[in-house]
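Coordinate analysis (summary)
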Amino acid sequence: MPAISTDGRGSFRARISNDGNSIHYELAYDRLEGSVTQAHIHIGQKSVNGGIAAFLCSNLGNGPAGTQACPAPPARITGVITAADVIGPGAQGVAAGELDELIEALRDGVAYANVHSTLWPGGEIRSQLGHDHDHDD
């Protein structure tokens, strides 16, 4: 998907648990031009679209059981991703439940957070994710 012009802004922070069994996250977004429909973590390197690995929120009823609704902006949501929340993408070698594959993608910088809207169904705002070297333990 090519870059788009939007006033939308957002942030995403994730912390992998010490035991590698969960990812705690915080997603914030504001000033989107369309109504928020859903948000995910996708597997894909910079400037490349990839499949959905895990839902962050959805207003479409298409997420796994327990997927939280996406509030209207300005919004800040938090959650925890476990193996049960990883849905793929199978076509990219990530099977449902493979949290270790998602964690590896996050650490390798080949995953991104994407907030989709009614105006931009392919994603209105997107951020490439990667290891934050300023916070090494």
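Definitions and cut-offs
Residues numbered from 1 in each chain as written. Predicted model: local features only at pLDDT ≥ 70, side-chain atom pairs only at ≥ 80, totals over all residues. Heavy atoms only, no water. Pairing = 2+ DSSP bridges. Helix = DSSP H or I, 4+ residues; strand = E, 2+ residues; numbered from the N terminus.

Labelled according to an unreviewed UniProt entry, the protein chain appears under the name CHRD domain-containing protein, originating from Lysobacter arenosi.

Another aspect to go through is the pairing of strand β2 (residues 23–30). Here strand β1 (residues 9–16) pairs with β2 via eight bridges, running antiparallel. In the strand pairing of β2, F12 is matched with L27. Counting the residues that bridge the hairpin from β1 to β2 gives six residues, and of these G20 lies at a positive phi of roughly 75 degrees. The pairing of β2 with strand β5 (residues 75–81) spans seven bridges and is classified as antiparallel. Its bridge partner being in β5, E26 is matched across the sheet by T78.

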